[in-house]
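# Examination of the molecular architecture
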Amino acid sequence: MNLIKLFTRHMASAMSAVSISILSATTVAFAQTDLPVVQIQADKVTAKMPPMFYGLMTEEINYSYEGGLYAQLIRNCTFKEDSVQPNIRANDYDPAKYYPATYRANTRPRFWNSVGGASLVLDPGTPLNDALNVSLKVDASAASKTSPAGVANGGYWGIPVESRTTYKVSFYAKAAPGFTGPLTVSIESTDGKTMFASAKISGITGDWKKFETTLKTKSVTPSKDNVFKITTTAPGTIWLQEISLFPPTYKNRPNGDRKDLSQLLADAQPKFLRFPGGNYVEGSDFVNRFNWKQMIGPLEQRPGHKSCWGYWSTDGFGLPEFLGWCQDIGMEPVLAVFAGYTLNHDHVTNSAALQPYVQDALGEIEYVTGDASTKWGAQRIKDGYPKPFPLHYVEIGNEDFFDNSHSYEWRFAQFFDAIRAKYPQIKIISTTDVKSRVADVNDEHYYRSEEEMEGQSFMYDTRNRNSPTKVFVGEWATQPSSPTPTMAGALGDAAWMCCMERNADIVLMHCYAPLFVNVSQLTGRDRSMQWSHNLIGYDALNSYGSPAYYAQKMFSLQKGDEVLAISAQNLPVRSAPAGRGGGTRQLKSLFYSATRDSASGKITLKIVNSADTPQDVKIEVNGVKSVSSKGTATVLQAANRTETNTIKDPQHVVPVTEKIKELGTSFTRTFQPCSITVLELQAK
Ligand code: AHR
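Let me begin by describing the structure that accompanies this report. (Residues numbered from 1 in each chain as written. Predicted model: local features only at pLDDT ≥ 70, side-chain atom pairs only at ≥ 80, totals over all residues. Heavy atoms only, no water.)

### Here's the deal with the site of the ligand
Within the structure, the ligand sits among 13 residues, and Glu59, Asn279, Glu399, Tyr447 and Glu475 are positioned closest to it. A distance of 2.5 Å is found between an oxygen atom of the ligand and a side-chain nitrogen or oxygen belonging to Glu59. Between the ligand and the protein, one listed contact pairs an oxygen atom with a side-chain N or O atom of Tyr447 at 2.7 Å. Surface burial for the ligand is 100%, taken as the share of its 280 Å² of free accessible area covered by protein chains. Among the residues forming the shell around the ligand, the class breakdown is five nonpolar, three polar and five charged. (Near = heavy atom within 4 Å. Polar contact = N/O pair within 3.5 Å; in protein donor to acceptor, adjacent residues only side chain to side chain. Areas by Shrake-Rupley, 256 points an atom, 1.4 Å probe, with all protein chains shown as cover. Nonpolar A, V, L, I, M, F, W, Y, C, P; charged D, E, K, R; others polar.)

Here's what the structure looks like:
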């Protein structure tokens, strides 16, 4: 793992957490002699709002898919968490080969417990196949009619149980001679007092076979302190692999996504998904990069890999599942391809060694976009996705400004030339400055404290307009608090989104990062959080959007299709901490942007008041005949900037929409302290 990179990020996070507590005590708004004036010039369109302006960024971090969006409930379902990964450097690595993980035989599998005195060990001698080259050996010789023996799995910090719900169970099993079964599968409370549902499985033989059944709960109170069990009352030895338990999924997709998290995303109407990372595309080393060819096809053929964030990824959520996610939410993929450089600074050193990875990228693009006549398009169809996906953007690598070997220049050029030649319509995104080719778009990342984010929220207004390379802000976040941002985060984010909207002629797309965090276990060795500021939090049963999520949603839902010229005078300031050196500085505390829906003429004005006091603002709408006196205001506001949402109090800070009047081409409105307001104005 790139420790320097992570350390720098985490220090930045910690510093912003410190600064915000000082801020809440010292913030004041200065008295205004002249009211701030915000002027919209509605007859001057500065940009067409890019159709994919608001999107999502995602990677396997903080148990985003495993124990997150991917609805699989069984943890370590392929028993690979304990595997030993081969350590192969780039120069010795042959991308055409598969380097299997190995296992310490007779070790106990993580996250599996014995029931009724059964002995559980990993058995590399009884593999399911080359990909799942280990299994769980369960010696249940102590089993009896009165004392069932077997295995139990507690899921990702609990197995959620909902009322009147059908769960799908499947697993592979084989038995030693003499065992005839049956097996019982069940969901029970951890204390053993409540059996929610159970089913019997028979027909286990000496050969590997897949078994499937369903478990149906009755009317119960939703809970998560539960386990999934496979037990028997008949003595014997069995082997198990790929044990799966699924609740109903979003849009009923097989091997699909968690409903509540999908709904939160769908509600915010993101238009693209940047995947698979972030660091996750790079991997900590060549063996553990995002190797898409090992993440397609039947689940039992996917070996899995170690996520660079320190835990095992089964890759049950692989390339087809990313595409299914895009399809279900209505997003277009923005595909990041592995670019021959990993987080441990290992990289290929010449163009011949890079070429197989360039071919891999071309194949991956074909998997996403190809029709049945292409090799990889045909494979995608086999994997359940008949229609090719639209793909307008491909990103080469991730954060290559960290590449101190300076190899990105030639690596980028080689990818650029190959992709441009085969897919001339695709726009190519660089991750740092390049000189020998003109990237269509460059990916900029900003993780900031609230003060820093607000402080930089006019920076694109003065950006050079003549560069042929546009901007993709592929990762950004205001980072006031962990595990998800307080209102301070939403304020910094909203100021920054105003900046990006005003400058949508050069900023084509942007996405917050990271998207998800499992908040079940925030510290310790087995922690569910690797990055301390994230948009959406959840445990096994419940989920919530942070105030930053609601700010995003408000902006995304009201983006319009035209950006209008906007200016301001007499902007108020507040006194805020200067940063690590101490002291205070004066920061603007009012931020704004205006867009229009050209079909209806509706103008949307976004105003952020980041001060701790109310602020009167005069609004002028020029270049229109009239503005209706009636409109709508949607306001996200908190009593102070440290207010937040949590898993226990998920709706503490949410937007409120109200009808408002006394609007016109010129009006004055009071904006509440620590508030984000979206005004909808009907103009003619
Ligand atoms: O979003 C978390 C990490 O931040 C990403 O993986 C990486 O690109 C950046 O350093």
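Anyway, onward from the coordinates.
### Some points on the packing of aromatic side chains
The final tally for this structure, using the stated rule, is 40 aromatic pairs. Taking 6.1 Å as the distance between ring centres and 75° as the angle between the ring planes, the aromatic pair formed by Tyr65 and Trp325 counts as edge-to-face. Here Tyr65 is found in the loop between strand E2 (54–57) and strand E3 (112–115), whereas its partner Trp325 is found in helix H4 (residues 319–329), with 260 residues between them in sequence. We classify Trp325 as buried; its relative accessible area is 0%. Ring centres of Phe322 and Trp325 lie 6.4 Å apart, and the angle between their planes is 25°; this geometry places the pair in the stacked category. Here the residue Phe322 and the residue Trp325 both occupy positions in helix H4, the gap between them amounting to three residues, near one helical turn. Cluster of aromatic residues (ring-pair linked, three or more members): Tyr65, Tyr70, Phe246, Phe275, Tyr280, Phe290, Phe317, Phe322, Trp325, Phe516 and Tyr538. (Phe/Tyr/Trp six-rings, centres within 6.5 Å; stacked < 30°, edge-to-face > 60°. Helix = DSSP H or I, 4+ residues; strand = E, 2+ residues; numbered from the N terminus. Buried < 20%, exposed > 50% of the residue type's maximum accessible area, 1.4 Å probe, protein only.)

### Brief notes about the pattern of salt bridges
Going through the model one piece at a time under the given rule, you end up with 29 salt bridges. Put simply, Glu475 and Arg274 hold a salt bridge, and the shortest N to O gap is 2.9 Å. Here Arg274 lies in strand E13 (residues 272–275) and Glu475 lies in strand E20 (residues 470–478), a separation of 201 residues in the sequence. Between Lys293 and Asp360 there is a salt bridge, with the nearest N and O atoms lying 2.8 Å from each other. With a gap of 67 residues between them, Lys293 in the loop between helix H3 (279–282) and strand E14 (305–306) and Asp360 in helix H5 (residues 351–369) connect regions that are remote in the sequence. On the basis of relative accessibility, which here comes to 38%, the residue Lys293 falls in the partly exposed class. Each of the salt bridges in this network shares a partner with another, and the network as a whole consists of Glu450, Glu454, Arg574, Asp612 and Arg641. (Salt bridge = Lys/Arg side-chain N within 4 Å of Asp/Glu carboxyl O.)

### Comments concerning the state of the cysteines
Per the stated rule, a full pass over the model turns up zero disulfides. Its sulfur unpaired, Cys308 is 17 Å from the next cysteine sulfur, which belongs to Cys511. Of all cysteine sulfurs in the structure, the one in Cys498 sits closest to Cys499, which takes part in no disulfide; the separation is 8.7 Å. Taking relative accessible area as the criterion, Cys499 reaches 0% and is therefore assigned buried. (Disulfide = S-S within 2.5 Å.)

### Looking at the sheet that holds strand E9 (residues 195–201)
Read from one edge to the other, the open sheet built from five strands follows the order E3-E6-E11-E8-E9, with strand pairing classed as antiparallel. A single partner strand is all that each edge strand has here, and the edge strands are E3 and E9. Going from strand to strand, the sheet's axes swing by 20° on average, the running direction of each strand aside. Sheet analysis places E3 next to strand E6 (residues 149–153), joined by four bridges and oriented antiparallel. Counted as the bridge partner of Val115 is Gly150 from E6. (Pairing = 2+ DSSP bridges. Axes fitted to C-alpha atoms, helices over the stretch in contact; angles between N-to-C directions.)

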